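Below are the chains, spelled out letter by letter.
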Amino acid sequence: MFRVIISGKFDALTDSGRDAILAAGGAAFTETGTFTHDGSLSAFTFRCQLPAGPGDGENEATGRTIAALDAYGQRYRILRTAVTDMRDIKIRRKGRG
């Protein structure tokens, strides 16, 4: 499982685009992606969670996240991306006793 965060800026949001972005708001990671944004809807953070195939790496996860972002049909500029491969996360559990 990959979790990808893209920070960016929208270029000339349409009214229908604004409505779509507001409807997809939230801080959760989903396969279709969710947005958090500033009050004017110019800057945004897009969060996406994707299943990881055996040969998938950060580049594939980033590409699939950009495709999910493109599905919203709005023009944007990417400022930065962050990818976390959840397969690499180690869970430390406190000893039982």
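Provided above is the structure to which this section pertains.
This report concerns the structure included in the present document.

Criteria and cut-off values
Residues numbered from 1 in each chain as written. Predicted model: local features only at pLDDT ≥ 70, side-chain atom pairs only at ≥ 80, totals over all residues. Heavy atoms only, no water. Core = buried A, V, L, I, M, F, W, Y, C linked by side-chain atoms within 4.5 Å. Buried < 20%, exposed > 50% of the residue type's maximum accessible area, 1.4 Å probe, protein only. Helix = DSSP H or I, 4+ residues; strand = E, 2+ residues; numbered from the N terminus. Contact = heavy atoms within 4.5 Å. Pairing = 2+ DSSP bridges. Axes fitted to C-alpha atoms, helices over the stretch in contact; angles between N-to-C directions. Salt bridge = Lys/Arg side-chain N within 4 Å of Asp/Glu carboxyl O.

Digging into the nonpolar core
- The biggest cluster of nonpolar side chains holds 18 residues, and the ones touching the most others in it are Phe10, Phe35, Phe44, Phe46 and Leu69.
- Where this core is concerned, the elements lending two or more residues are β1 (2–10), β3 (43–50), α2 (58–70) and β4 (76–85).
- Other than its neighbours up to four places away in sequence, Leu69 contacts Ile6, Phe35, Phe44, Phe46 and Tyr76.

Overview of the sheet that holds β1
- If you trace the four strands from one edge of the open sheet to the other, you get β2-β3-β1-β4, paired in antiparallel fashion. One side of each edge strand has no neighbouring strand; the edge strands of this open sheet are β2 (34–37) and β4. Neighbour-to-neighbour, the strand axes of this sheet turn through a mean angle of 20°, independent of strand direction.
- Note that β1 and β4 share nine bridges and pair antiparallel. Bridge pairing in β4 links Gly8 to Ile78.
- Lying over the sheet, α2 contacts β1, β2, β3 and β4, oriented at roughly 120° with respect to β3.

Description of the pattern of salt bridges
- Under the definition given, this model contains three salt bridges.
- One salt bridge in this structure joins Arg77 and Asp11, with 3.7 Å as the shortest N-O distance. Of this pair, Arg77 sits in strand β4 while Asp11 sits in the loop between β1 and α1 (15–23), and the two are 66 residues apart along the sequence.
- Here Asp11 falls in the partly exposed class, since its relative accessible area comes to 21%.
- For the salt bridge of Asp56 with Arg64, the shortest nitrogen-to-oxygen distance reads 3.2 Å.

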